Amino acid sequence: MNTNKPTLLSDQWVERSLKAVWHPCTQMKHHERFPLIALSHAKGSWLYDQDGHRYLDAISSWWVNLFGHANPYINAALKKQLDQLEHAMLAGFTHPPVVELAEKLSALTSNHLGHTFFASDGASAIEIALKMSFHYWRNMGLSDKREFICLKNSYHGETLGALAVTDVALFKDAYGPLTRHAHIVESPDSRNANKGETAVDAATRALKDLEKTLQKNQGKIAALILEPLVQCAAGMAMHDRSYLVGARQLCDQYQVHLIADEIAVGCGRTGTFFAVEQAGESGIWPDFLALSKGISGGYLPLSLVMTTEKIYQAFYDEDVSRGFLHSHSYTGNPLACTAALATLDIFANDHVIEKNKVLANAMTESFTWAKNDSNIEHFRQKGMILAFDIKESVTSKLFAKEFFKEALSKEILVRPIGRTIYIMPPYTLSMDELDILSDGIEKTLHLVLQNKD
Ligand SMILES: *Cc1c(COP(=O)(O)O)cnc(C)c1O
C-alpha cells in the first residue's frame, strides 16, 4: 500500500464519510443499522478494508470489474499513457487511444457499427442514443417520430432522459413528474412463462404486445430500447434469444430504431462479447449499441454509443443543426480509452470468451445446492451471470439488506436485488474463490432465513 496519509481505523473513515459524503443508491439513515465499509486497497477478486478485513467482490463492484482489481496489465498500460497524454479536448483534436478503441470496437461488430460517440457514464450513453435516434428521424423529415418504447421493469440509468425509459416504481413515484412519457411493453422475462409454457412462449407473447404498441403508434415511435438477454437491474431477468430476433424484425417493419443497452450485458458478460451476437442463429445488430461499465475494465468512467453508416450519413452535412449536438468535457478521455484498449487486449490475448465457458460451467456446478434448495426458485444463468430467487413466502422486506450484511461478515460482497440473489464475478475468479463464494452464500442464506423465523 502506498498511501502517505496516516492510516485511520475503519470507524473513523466511516464517521467522516457519513458527515461529508452523500452515498449513491442509499437512504443515508439506514447506515445507522447497516454497515458502510472503509476500503484501503484491492487486489484481484478481493477488496480490503482499513482494518485488514477482506471481501470477495462477487458482483464486480457494480458489474464493472472484468479482470480483477489492480490488474497488472491494465495498470502498466495506464502508467505509460499517464506520461504521454492524460487528457485533452476531443472537439477539434484526436489521439491514438480514442482512434484505436473506435476501430477495434467496430471490428468486433464486423464493421456493422463503425461510428462511435464517446461519453463518460452509462446514463449519458443512453441520452446520446435517444437523442441521436430522434435527431436522425428529424433529419429525414420525420420529426413526429419522437416517442420511445421500453420494456416493463427496464433500467437504463438515472438522468432524466434515461429515467423516462426506466420502469422502476420507486423512481417513477419520485421523479415521474419530471420525465417524458414512454410506452412500456411486456417483458419477455422467462419467469413470466405460465404453467406448461416455455421461455420461447413467454418471448412470443411479449413480441405480440410490442407489435400491438408499434401498430397503435405508427409514425410516432423513434426507437425501442432494451437490454439484450438479461434485464440486470430488474433482478437478472433473463429472456429467450428469439425475442431479440423478433424485436429486430418488428423494428425494421415499423421503421423504428433498435437501441441495445449493453452497458451491463456487453463485454463478454453473457458469453459472447456482445449479447446481441446470440440472437437467433447468426445474431442481430441494433441501430445503436451502448457500452459502459466493463469496457474500461472497471477502472475509469467511460461510455460510448456505436452506430451504423446509414445513421452517421444522415447527420453528415454543411449545416451545423443537422450535426449531432452533444458534448461532455471528458469525451474520449485518453486514460479511460487506454484502460479499454488494455481490456480488449486481455480479451484477445487470453482467449477470455473461450475460457469463460469453463468458468461458467464451474459456476453452475458449484451452485448445485441452490438448484436443490426448496426455498429457491427460478435458478438461472447466462454466461457469467448466475441468479436465483428466494421464495416470497420465506423472505422478509429487509431480506436484501440483511443478506448483504450477513454475507459481509463471511467475507463476501453480494447485493441481492429484492429476493434475487446473483453473482456476477470478475472473469479472473479462481476455482478456490468460487468455492468460498458458493459456500459463503449457502451459509449466509441459511442464517438469514433462520433469523427470519
Ligand atoms: C448501470 C446501467 C446504466 C447506467 O450506467 P451509469 O454509468 O450508472 O449511469 C444503464 N443501463 C444499464 C443496463 C445499466 O446496467
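Residues numbered from 1 in each chain as written. Predicted model: local features only at pLDDT ≥ 70, side-chain atom pairs only at ≥ 80, totals over all residues. Heavy atoms only, no water.

A.B. asks: Sorry, what's going on with the domain arrangement of the protein chain here?
C.D. replies: One frequently used descriptor of interface size is the decrease in accessible area upon assembly of the parts. When cut into domains, the protein chain gives domain 1 (10–70 + 357–450) and domain 2 (75–349). Just the C-alpha atoms count here: the centres of domain 1 and domain 2 sit 27 Å apart. At the boundary of domain 1 with domain 2, total buried surface from both sides reaches about 2100 Å², with 67% on carbon and sulfur atoms. On the domain 1 side of the contact with domain 2, Trp63, Phe67 and Lys382 bury the most area, a combined 30% of that side's loss. A salt bridge links Arg191 to Asp389, with the nearest nitrogen and oxygen atoms 2.9 Å apart. Along the contact surface separating domain 1 from domain 2 lie 9 residue pairs in polar contact (both at pLDDT 80 or more). In terms of residue count, the dominant contributor to the side of domain 1 that touches domain 2 is strand E13 (residues 376–382) (4 residues). (Domains from an automatic or database assignment. Buried area = accessible area lost by both parts, 1.4 Å probe. Salt bridge = Lys/Arg side-chain N within 4 Å of Asp/Glu carboxyl O. Polar contact = N/O pair within 3.5 Å; in protein donor to acceptor, adjacent residues only side chain to side chain. Helix = DSSP H or I, 4+ residues; strand = E, 2+ residues; numbered from the N terminus.)

A.B. asks: Explain empty space enclosed by the protein here, please?
C.D. replies: This model, assessed by the stated rule, comprises 1 cavity of 30 Å³ or more. In this structure, the largest cavity is lined by Trp63, Leu66, Glu262, Ile263, Ala264, Gly266, Cys267, Arg269, Ser292, Lys293, Gly294 and Tyr427. Its residues assigned to classes, the lining of the largest cavity comprises 6 nonpolar, 3 polar and 3 charged. Here the lining of the largest cavity spans two domains, since at least three of its residues come from each of domain 1 (10–70 + 357–450) and domain 2 (75–349). (1 Å grid on protein atoms, 1.4 Å probe; cavity = no way out; pocket = protein on both sides within 12 Å on 5 of 7 lines; lining within 4 Å. Points joined across faces, edges and corners; volume = space filled by probe spheres on them. Nonpolar A, V, L, I, M, F, W, Y, C, P; charged D, E, K, R; others polar.)

A.B. asks: Which parts of the structure should I look at to understand the side chain of Ser438?
C.D. replies: Along the chain, Ser438 falls in helix H15 (residues 431–452). Ser438 has contacts with Ser366, Phe367 and Trp369, leaving out every residue within four places of it along the chain. (Contact = heavy atoms within 4.5 Å.)

A.B. asks: How do you make sense of the site of the ligand when you look at a structure like this?
C.D. replies: Around the ligand, a shell composed of Trp63, Asp121, Gly122, Ala123, Tyr155, His156, Gly157, Glu227, Asp261, Ile263, Ala264 and Lys293 is seen. A distance of 2.8 Å is found between an oxygen atom of the ligand and a backbone nitrogen or oxygen belonging to Ala123. One of the side-chain nitrogen or oxygen atoms of Lys293 is found 2.6 Å away from an oxygen atom of the ligand. Coverage of the ligand by the protein amounts to 82% of the 380 Å² it exposes when considered alone. Split into classes, the residues belonging to the shell around the ligand amount to 5 nonpolar, 3 polar and 4 charged. (Near = heavy atom within 4 Å. Areas by Shrake-Rupley, 256 points an atom, 1.4 Å probe, with all protein chains shown as cover.)

A.B. asks: Sorry, what's going on with the sheet that holds strand E1 (residues 39–43) here?
C.D. replies: Across a sheet, strands are paired by hydrogen bonds formed along the backbone, either parallel or antiparallel in direction. The 4 strands are arranged E1-E2-E3-E15 in an open sheet whose pairing can be described as mixed. Either end of the sheet is taken by a strand with one partner, and the two such strands are E1 and strand E15 (412–413). In this sheet, E15 lies alongside strand E3 (residues 54–57) in parallel orientation, the contact comprising 2 bridges. Residue Leu56 lies in a different strand from E15, and its bridge partner there is Ile412. (Pairing = 2+ DSSP bridges.)

A.B. asks: Help me understand the sheet that holds strand E10 (residues 257–261), please; the structure alone is not making it clear to me.
C.D. replies: Taking strand neighbours across the sheet as the criterion, the 7 strands line up as E4-E12-E11-E10-E7-E5-E6 in an open arrangement whose pairing is mixed. In this open sheet, the two strands that pair with only one neighbour each are strand E4 (115–119) and strand E6 (183–185). Mean inter-strand twist for the sheet, computed between neighbouring axes without regard to direction, equals 20°. Here E4 runs beside strand E12 (residues 303–307); their pairing, made up of 5 bridges, is antiparallel. Considered in E12, the bridge of His115 is made with Thr307. This element, helix H5 (residues 122–139), spans E4, strand E5 (147–151), strand E7 (221–226), E10, strand E11 (288–291) and E12 of the sheet and lies at about 30° to E12. (Axes fitted to C-alpha atoms, helices over the stretch in contact; angles between N-to-C directions.)

A.B. asks: Just to check I follow, could you spell out the packing of aromatic side chains for this structure?
C.D. replies: Here the distance between the centres and the angle between the planes together describe a pair of aromatic rings. Scanning the model with the defined rule gives 17 aromatic pairs in all. Summarising the aromatic geometry, the rings of Phe117 and Phe324 are spaced 5.2 Å apart at their centres and angled 85° between planes, so their arrangement reads as edge-to-face. With a gap of 207 residues between them, Phe117 in strand E4 and Phe324 in the loop between helix H10 (309–315) and helix H11 (334–349) connect regions that are remote in the sequence. Under the relative-accessibility criterion, Phe324 is labelled buried at 18%. Summarising the aromatic geometry, the rings of Phe273 and Phe347 are spaced 5.0 Å apart at their centres and angled 75° between planes, so their arrangement reads as edge-to-face. Highlighted residues: Phe273 in the loop between E10 and E11 and Phe347 in helix H11, separated in sequence by 74 residues. Look at Phe347 and you get buried, because its relative accessible area is 9%. Members of the aromatic cluster, joined through ring pairs, are Phe67, Phe273, Phe274, Trp285, Phe347 and Tyr427. (Phe/Tyr/Trp six-rings, centres within 6.5 Å; stacked < 30°, edge-to-face > 60°. Buried < 20%, exposed > 50% of the residue type's maximum accessible area, 1.4 Å probe, protein only.)

A.B. asks: Explanation requested: helix H9 (residues 242–253) in the structure shown.
C.D. replies: One turn of an α-helix holds 3.6 residues; hence residues three or four places apart share an orientation. Here H9 contains 12 residues, and its C-alpha end-to-end distance of 17 Å stays within 8% of the 16 Å for a straight helix at 1.5 Å per residue. Those residues of H9 that are buried lie in contact with E5, E6, helix H8 (199–216), E7 and E10. Looking at the residues trailing H9, positive phi occurs at Gln255, about 55°. (Expected span 1.5 Å × (residues − 1).)

A.B. asks: Just to check I follow, could you spell out the side chain of Thr307 for this structure?
C.D. replies: Mapped onto the elements of the fold, Thr307 is located in strand E12. Here Thr307 falls in the buried class, since its relative accessible area comes to 4%. Apart from residues no more than four positions distant in its own chain, Thr307 is found in contact with His112, Leu113, Gly114, His115, Met132, Asp287 and Phe288.

A.B. asks: Where do I start with the layout of surface pockets in this structure?
C.D. replies: Leftover empty space is mapped by rolling, across the atoms, a probe with the size of a water molecule. By volume, the second largest pocket amounts to about 640 Å³. Lining the second largest pocket are 24 residues, and of these Phe117, Met132, Tyr312, Phe324 and His326 lie nearest its centre. Only E4, E12 and H10 provide two or more residues apiece to the lining of the second largest pocket. Of the residues that constitute the lining of the second largest pocket, the class distribution is 14 nonpolar, 10 polar and no charged.

A.B. asks: So what exactly am I meant to see when it comes to the pattern of salt bridges here?
C.D. replies: Where charged atoms from two side chains of opposite charge approach closely, those side chains can pair. Taken as a whole and assessed by the stated rule, the structure comprises 19 salt bridges. A salt bridge links Glu186 to Arg205, with the shortest nitrogen-to-oxygen separation between them at 3.4 Å. In this pair, Glu186 is assigned in the loop between E6 and H8 and Arg205 in helix H8, connecting sequence segments 19 residues apart. Notably, a salt bridge pairs Asp189 with Arg191, separated by 2.9 Å at the nearest N-O pair.

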